[in-house]
Amino acid sequence: MGWRTVVVTQHAKISYSGHCVVVQTQDSTNQIPVSDIQILLISTTRAVITSAVISELAKHQSKVIFTDNSGEPVTETMDYYPNNRDPQLLQTQFNWNEERKTSLWTKIIVQKITNQIYVTEALGINAQDLKDELAKLEINDVTNREAVVARKYFSLLFESESSRRNFSPINAALNYGYAIILSAVNLEIAANGYLTQLGVHHHSQENDFNLGSDLMEPFRPIVDWWVKQKKFNDFTPDIKFGLVDLLNLKMKYNGQNTILRNAITKHVDNCLKYLSGEIDKIKIEVEISEVSNNAINGHV
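As the structure is a prediction and not an experimental result, all values here were calculated from the model. (Residues numbered from 1 in each chain as written. Predicted model: local features only at pLDDT ≥ 70, side-chain atom pairs only at ≥ 80, totals over all residues. Heavy atoms only, no water.)

Novice: I tried to follow the overall build of the protein chain on my own but got confused; where do I start?
Specialist: On a plain count of helices and strands, the protein chain comes out with 11 helices and 11 strands. For 300 residues, the compact-globule estimate of 2.2 N^0.38 gives 19 Å, and the C-alpha radius of gyration of the protein chain, at 19 Å, lies within 12% of that figure. For the protein chain, the spread of C-alpha atoms along the three principal axes comes to 55 × 50 × 35 Å. Here the protein chain holds 300 residues, and 50% of them are scored as buried. Considering only contacts in the protein chain between residues 6 or more positions apart, those separated by 24 or more positions represent 65%. Taken as a whole, the protein chain presents about 14,400 Å² of accessible surface, with 46% of it coming from carbon and sulfur. For the protein chain, the centre of its 29 positive side-chain charges and the centre of its 34 negative side-chain charges are spaced 2 Å apart. (Helix = DSSP H or I, 4+ residues; strand = E, 2+ residues; numbered from the N terminus. Rg over C-alpha atoms; globule rule 2.2 N^0.38 Å. Buried < 20%, exposed > 50% of the residue type's maximum accessible area, 1.4 Å probe, protein only. Contact = heavy atoms within 4.5 Å. Areas by Shrake-Rupley, 256 points an atom, 1.4 Å probe, with all protein chains shown as cover. Lys, Arg positive; Asp, Glu negative; His and termini not counted. Charge placed at Lys NZ, Arg CZ, Asp CG, Glu CD.)

Written out as structure tokens, the structure reads:
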């Protein structure tokens, strides 16, 4: 699997030649080795892509993400036959232990809310209400503290933009950033040979990425913090590039210095091993203080 995120934002032809993805625009032609690409983001509706490119990227377990006219991701490729998917592995996933799923989901939500509290306080906002809700959290979040905290959290952060259902540049940026992280998580799930459809907590029949939606939760506040730090009135290409570049953000995962894309790899691997009984304990510590430093200093 590759390591680069390639973003196409203008009218272009995307083809395949000599083990490379060839991107031809009006001004230039660029060639990127297929083996280098982790995600190909088509951030325009004016690009033409050949089936050969999609086929070769699928063989390398790389994602292709497509956006709509507003620039928001709307779909991504899913490979039919991952090289490492076998019936025994899928049987294991179908029979994941309920106690392990409950334990994992609880840890995920604790870390997500912990990071939401950090973001809120880092912005100089009183987060006591969120802390009170976290104290009420029960095993498997049976009282749905996650949703309660989310409503209060977004209201505190974005005030007039508190409704996540309204279309606005801020909501567009949030959705874009979440989609990038979700795609990276889905990529790791598929690379490990598991199905993205079978979640731990999310079980929507209309969501092909239930498991990815579960595992990505602790990383969402990274996007929230970055978007809040940026002052913008339009969802411009620069904002999109910044959100994609978050995958290269320096951070800590379980006490180790890393970047976001590598933290996602480790996180997904740990979660899948725990669910499948390969390890008996799991730790989830997503430290996002580096996000605030980079955002303030303009490094992201």
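Novice: I tried to follow helix α2 (residues 87-94) on my own but got confused; where do I start?
Specialist: Because each turn of an α-helix spans 3.6 residues, side chains separated by three or four positions in sequence point in the same direction. Three or more residues of α2 are buried, namely Leu 89, Leu 90 and Gln 93. Buried residues of α2 fall within an arc of 95° about the axis and therefore sit on the same side. More than 90 degrees from the buried face of α2, the exposed residues found are Pro 87, Gln 88 and Phe 94. Against the buried residues of α2 lie α7 (210-215). (Arc of directions from axis to C-beta.)

Novice: I tried to follow the sheet that holds strand β11 (residues 286-287) on my own but got confused; where do I start?
Specialist: Hydrogen bonding along the main chain pairs the strands of a sheet, whether they run parallel or antiparallel. Strand order in the open sheet made by the three strands is β10-β9-β11, with antiparallel pairing throughout. One side of each edge strand has no neighbouring strand; the edge strands of this open sheet are β10 (256-259) and β11. Pairing analysis gives four bridges linking strand β9 (residues 250-253) to β10, with the strands arranged antiparallel. Bridged to Lys 252 within β10 is Asn 257. (Pairing = 2+ DSSP bridges.)

Novice: What should I look at first to understand the packing of aromatic side chains in this one?
Specialist: Here a ring pair, both rings aromatic, is described through the centre-centre distance and the interplanar angle of the planes. Here the structure, examined in full by the defined rule, presents four aromatic pairs. Consider the rings of Tyr 153 and Phe 154, whose centres lie 5.1 Å apart with planes at 70°: the pair is edge-to-face. Exposure remark for Tyr 153: the relative accessible area of 0% places this residue in the buried category. Since its relative accessible area comes to 10%, Phe 154 is described here as buried. Ring pairing ties together the aromatic residues Tyr 153, Phe 154 and Phe 158, which thus form one cluster. Between the NZ or CZ atom of Lys 240 and the centre of the ring of Phe 235, over which it lies, the distance is 5.2 Å. (Phe/Tyr/Trp six-rings, centres within 6.5 Å; stacked < 30°, edge-to-face > 60°. Lys NZ or Arg CZ within 6 Å of the ring centre and 35° of its normal.)

Novice: Can you help me understand the nonpolar core in this one?
Specialist: Ranked by size, the top nonpolar core spans 67 residues in total, and within it Leu 104, Leu 215, Phe 219, Val 227, Leu 243, Leu 260 and Ile 264 carry the most contacts. For this core, the element with the most residues is helix α6 (residues 169-191), which contributes 12 residues. The residues touching Leu 104, leaving out its near neighbours within four places in the chain, are Val 200, Leu 215, Cys 271, Tyr 274, Leu 275, Ile 282 and Ile 284. Formed by 14 residues, the second largest nonpolar core is a distinct cluster that contains Ala 12, Ile 14, Ile 32 and Leu 57. (Core = buried A, V, L, I, M, F, W, Y, C linked by side-chain atoms within 4.5 Å.)

Novice: Would you mind showing me how to read the pairing of strand β2 (residues 12-17) here?
Specialist: Within a regular strand, side chains alternate between the sheet's two faces. Note: β2 against strand β6 (residues 47-49), three bridges, orientation parallel. Considered in β6, the bridge of Ile 14 is made with Ile 49. Inspection of the sheet shows β2 paired to strand β3 (residues 20-24) by five bridges, in the antiparallel sense. Across the sheet, residue Lys 13 finds its bridge partner in β3, namely Gln 24. Two successive antiparallel strands, β2 and β3, enclose a turn made up of two residues, where Gly 18 displays a positive phi of approximately 55°.

Novice: How do you make sense of the packing of helix α3 (residues 98-122) against helix α4 (residues 128-135) when you look at a structure like this?
Specialist: Axis separation between α3 and α4 bottoms out at 9 Å; the angle between their running directions is 165°. If you check the angle between α3 and α4, you find them roughly antiparallel. In the crossing of α3 with α4, the sense of the turn from one axis to the other is left-handed. For the pair α3 and α4, the contacting residues are Val 110, Ile 113, Thr 114, Gln 116, Ile 117, Thr 120 and Glu 121 in the first and Leu 130, Lys 131 and Leu 134 in the second. In terms of residue class, the contact of α3 with α4 is built from five nonpolar, three polar and two charged. (Axes fitted to C-alpha atoms, helices over the stretch in contact; angles between N-to-C directions. Parallel < 35°, antiparallel > 145°, perpendicular 65-115°, else oblique. Left-handed = near helix turned anticlockwise from the far one by under 90°. Nonpolar A, V, L, I, M, F, W, Y, C, P; charged D, E, K, R; others polar.)

Novice: Sorry, what's going on with the pairing of strand β4 (residues 29-33) here?
Specialist: Across five bridges, the pairing between β3 and β4 is antiparallel. By the bridge assignment for β4, Gln 24 is matched with Thr 29. Joining the antiparallel neighbours β3 and β4 is a turn of four residues.

All we've got here are geometric facts, nothing functional implied.
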